[in-house]
Structure formats: C-alpha cells, structure tokens
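Descriptive analysis of the structure
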Amino acid sequence: GEATAPIEPTARPTYLPPPSGGDRLAFASNRAGHFDIYLIDIDGSNLRRLTDQPGPDFDPAWSPDGTQIVYVSRPSLEENAHLWIMNADGSDKQPITGGPADDINPDWSPDGEWIAFASNRGGNFDIYLVRPDGSGLRAITEGSLNELSPRWAGNGVLIAYHARAGNQSAGSELYIMDSSGGVPNQLTNNDFIDQWPDWSPDSLRLAFTSGNGLPEGQRAIFVLDFATNMVTQVTEGQSHDDDPAWSPDGTRIAFDSDRDGDGVFDLFILNLMAGEVARLTDNSGDNVTPVWQPR
C-alpha cells in the first residue's frame, strides 16, 4: 500500500529578536525589482525580507499578538490578488482566500478572530470579513461605491474605510461602520481625496491622507479628533504623504512619501509631539504601506 504521510507538527511562529529601536515596521518595497514584504526596526536596522516570488506581495498587516502577518500576493501580474498569512519571520506561508477576484487591503481584528479586507468578488469593491483559517467569509458593505482599506478600531467594534465612485483618481470619502454590518457613517464630504484611515490606539482619533485645501495633486496626513470633531493637518504635504500608520504608544505616525523629489516613495516617521519628521528608508525603490508591530 501507499506510505502514509507523516503527521505535520503544529506550526509555531518563529521568535523574532526584539526590535533594536523599541519598535518594528512591516512594509512593502520593490527595491529588489518586484514588491515584497519587509521588516525594519524603527532605528533603521535589522532589515529583513520576508517574501520573494515572481509576482508582487503587498499590503502587510500584523496579527494582534505580533506573531503573524497577513498580506496580499499575486503569483504573477496576470493573476488575481489573494490574502496569505505567514509567520513574522516569513515561514509557513498559507493562502486564505482564492477565486476569480482581487482581495486586497487586509487588517486583523484586535481579538485575532477576523480579517477585514476589500474584494471585488461582487463586482465593485466591498468590505468583507474572513476567519484567519479562511472560513466564515461574509460581506459587510454593499452598494455601487468601491469600498477600500478597512481598519479596525481598538475596541474591535468599529471599522473605518474609504469609498469612491470611480477609479483611483476619483475623490474618496471616509466612513466608519459597525463590524457586524449596518448603515455606514460618512465622515467626510468634499471633492478631494480622503483615504487610507488608521485609528489611534485609543480609537479617539483617525489619521488619514487628504488633498483637502492643498494644491492639486498634493496630499498630506491629517488627523480627525472625534472628541472635538476637529481635523488637523500634521504633515506639510508638498508632495504625496500617504498610508499613515499609528504607533502602538500613540506618539508617532509612520507614512510613505515622495517628498524628497527622487520619484520614489520612502518611509518617514512623524513625531506628533515635536512635529518633526524623520526619514527611515532611502533607496532606489518604493517603500510603502508601513504597519507597526503590536507591542
């Protein structure tokens, strides 16, 4: 008879050494020719490449315990984008979605039970939830808009996202909604791009990218304070400041920007108290979508 396959041991996430600067980011970069997922410590050390296959890997997001990363992968440029999960050291890569559609922009719920993402499996992009093992798939938005970039609030109840009627050049607005579904609450309403929301750790503020009040084609990072309903511009935005990500201690926002004029995006860290911006990467590729490892 046929030999029986050996029993696979339970995969244990490989331990990552503590970040030397106290914090670590995952991000996507095409510095090696195509987009892959990388890690970097906040002091610029310990750069690690986690993925390397012919197609692009992008949109990383951490599990709440920091041991795993969900990301998006296309085996080739002609194939659909789907969600994958790997250990934080890049081992044990497993797909969790499939099918003839694009699944992008994943974000892991604070309790670890769900991953929110955007998918066009219903025609236009809607927000979906799926278990980390690929089960339990369900849509929580519907309608004619493209809904993208869902982000969980720290309480695990609310999800922020942005939506637009058309393509990437179209204006977009910010929304929040209950993760169980229901009627979304629209936060912005203007002719500019408002997108890529990210909650502060206390869920009292929302960072996002906007062109509001800026010369055409420019974008900066803004913060909406729910207590006062005030919106504050926190970066200068003389170019494109995109993809804000709040630090676990709430004092800093990582973002990507092409502000230095070399035509590619690099990672920057904004210290909210001091109002100072520090550059984290500088190379010939794009470095985008930073996400902070949970503490």
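Everything discussed here concerns the structure shown above.
Let me begin by describing the structure that accompanies this report.

Conventions we followed
Throughout, residues of each chain are indexed from 1 in the direction in which the sequence is written. Where totals are concerned, whole chains, interfaces and linings use all residues; where local detail is concerned, this predicted model gives features only for residues with pLDDT of at least 70, and gives and counts side-chain atom pairs only at 80 or more. Note: side-chain values were computed over all heavy atoms of the structure, leaving out hydrogens and water. Put simply, DSSP H or I for four residues or longer makes a helix, DSSP E for two residues or longer makes a strand, and each gets a number counted from the N terminus. The globule rule used here is 2.2 Å times the number of residues to the 0.38 power, and the radius of gyration it is set against is calculated over C-alpha atoms. When checking whether two residues touch, look at their non-hydrogen atoms; a contact exists if any pair is within 4.5 Å. Each accessible area is a Shrake-Rupley result for a 1.4 Å probe, and residues are judged covered by the shown protein chains and nothing else. Whether two strands pair depends on DSSP finding at least two bridges between them. Under the scheme applied here, a residue whose accessible area is under 20% of the maximum for its type counts as buried, over 50% as exposed, and between as partly exposed, the area being computed with a 1.4 Å probe on protein chains only. Working definition: a ring pair exists when centres of Phe, Tyr or Trp rings (six-membered ring for Trp) sit within 6.5 Å. Plane angles under 30 degrees give stacked, over 60 give edge-to-face, the rest tilted. Two limits define a charge over a ring: the Lys NZ or Arg CZ must be within 6 Å of the ring centre, and within 35 degrees of the ring normal. What makes a nonpolar core is a set of buried Ala, Val, Leu, Ile, Met, Phe, Trp, Tyr and Cys residues whose side-chain atoms join them at distances within 4.5 Å. Note on definitions: salt bridges are taken to be side-chain nitrogens of Lys or Arg within 4 Å of carboxyl oxygens of Asp or Glu.

Counting its regular elements, the chain contains 0 helices and 24 strands. Since a compact globule built from 295 residues should have a radius of gyration of about 19 Å, the 19 Å found for the chain is in line with a globular shape. In the chain, once contacts between residues fewer than 6 apart in sequence are set aside, the share between residues at least 24 apart is 32%. Accessible area of the chain: about 13300 Å², with a carbon and sulfur share of 50%.

Let's shift gears to the sheet that holds strand E1 (residues 24–29). Strand order in the open sheet formed by 4 strands is E3-E2-E1-E24, with antiparallel pairing between adjacent strands. The open sheet has two edge strands, strand E3 (48–49) and strand E24 (287–292), and neither has a second partner. The pairing of E1 with E24 spans 4 bridges and is antiparallel. In the strand pairing of E24, Ala-28 is matched with Val-288.

Once that is clear, we can look at the pairing of strand E13 (residues 158–164). One face of the sheet, then the other: side chains in a regular strand alternate in exactly this way. Judged by how many residues are buried, E13 sits mostly within the fold: 6 of 7 residues are covered. Pairing geometry for strand E12 (residues 146–152) and E13, over 5 bridges, is antiparallel. Each bridged residue has a counterpart across the sheet, and for Glu-147 the counterpart in E13 is Ala-163. Taken together, the 7 bridges between E13 and strand E14 (residues 172–178) define a ladder with antiparallel strand orientation.

Relative to the elements of secondary structure, Ile-159 occurs in strand E13. Here Ile-159 falls in the buried class, since its relative accessible area comes to 0%. Taking C-alpha positions, Ile-159 is 8.3 Å from Tyr-175, a pair spaced 16 residues apart along the chain. Excluding its chain neighbours within four sequence positions, the residues that come into contact with Ile-159 are Ala-116, Leu-129, Ile-140, Pro-150, Arg-151, Trp-152, Tyr-175, Ile-176, Met-177, Ser-179 and Trp-199.

Attention now goes to the packing of aromatic side chains. One pass over the full model with this rule turns up 6 aromatic pairs. Plain terms: the ring middles of Phe-27 and Tyr-38 are 5.7 Å apart, the flat faces sit at 20° to each other, and that makes the pair stacked. Placement of the pair is Phe-27 in strand E1 and Tyr-38 in strand E2 (residues 36–41), with a sequence separation of 11 residues. Between Phe-208 and Phe-222 the ring centres are 6.0 Å apart and the planes differ by 20°, which places this aromatic pair in the stacked class. Within this pair, whereas Phe-208 is found in strand E17 (residues 205–210), its partner Phe-222 is found in strand E18 (residues 220–225), the two being separated by 14 residues in sequence. By the burial criterion, Phe-208 is buried, and Phe-222 matches it. A cation over an aromatic ring shows up here: Arg-31 above the ring of Tyr-38, its NZ or CZ 5.5 Å from the ring centre.

Let us now look at the nonpolar core. Core analysis: the biggest nonpolar cluster contains 42 residues, and Val-70, Leu-83, Ile-104 and Ile-115 have the highest contact counts within it. The residues touching Val-70, leaving out its near neighbours within four places in the chain, are Asp-59, Pro-60, Ala-61, Leu-83, Trp-84, Ile-85, Ile-96, Pro-106, Trp-108 and Ile-115.

Turning to the pattern of salt bridges, a few remarks are in order. Scanning all chains against the criterion turns up 14 salt bridges. Across the pair Arg-259 and Asp-241 runs a salt bridge whose closest N-O atoms are separated by 2.8 Å. In this pair, Arg-259 sits in the loop between strand E21 (252–257) and strand E22 (266–271) while Asp-241 sits in strand E20 (residues 241–246), placing the two residues 18 residues apart along the sequence. Bridged by salt links that share partners, the residues Asp-23, Asp-249, Arg-252 and Arg-295 form one connected network.

Okay, the environment of Leu-224 next. Relative to the helices and strands, Leu-224 resides in strand E18. A relative accessible area of 7% places Leu-224 in the buried class. With 181 residues separating them along the chain, Leu-224 and Asp-43 place their C-alpha atoms 28 Å apart. Ignoring sequence-local partners within four residues, the contact set of Leu-224 consists of Leu-187, Leu-204, Arg-205, Leu-206, Phe-208, Asn-229, Met-230 and Val-231.

With that settled, consider the pairing of E12. In terms of residue burial, E12 counts as a mostly covered element, since 7 of its 7 residues are buried. Counted between consecutive antiparallel strands, the loop separating E12 from E13 contains 5 residues, among which Gly-156 sits at a positive phi close to 75°.

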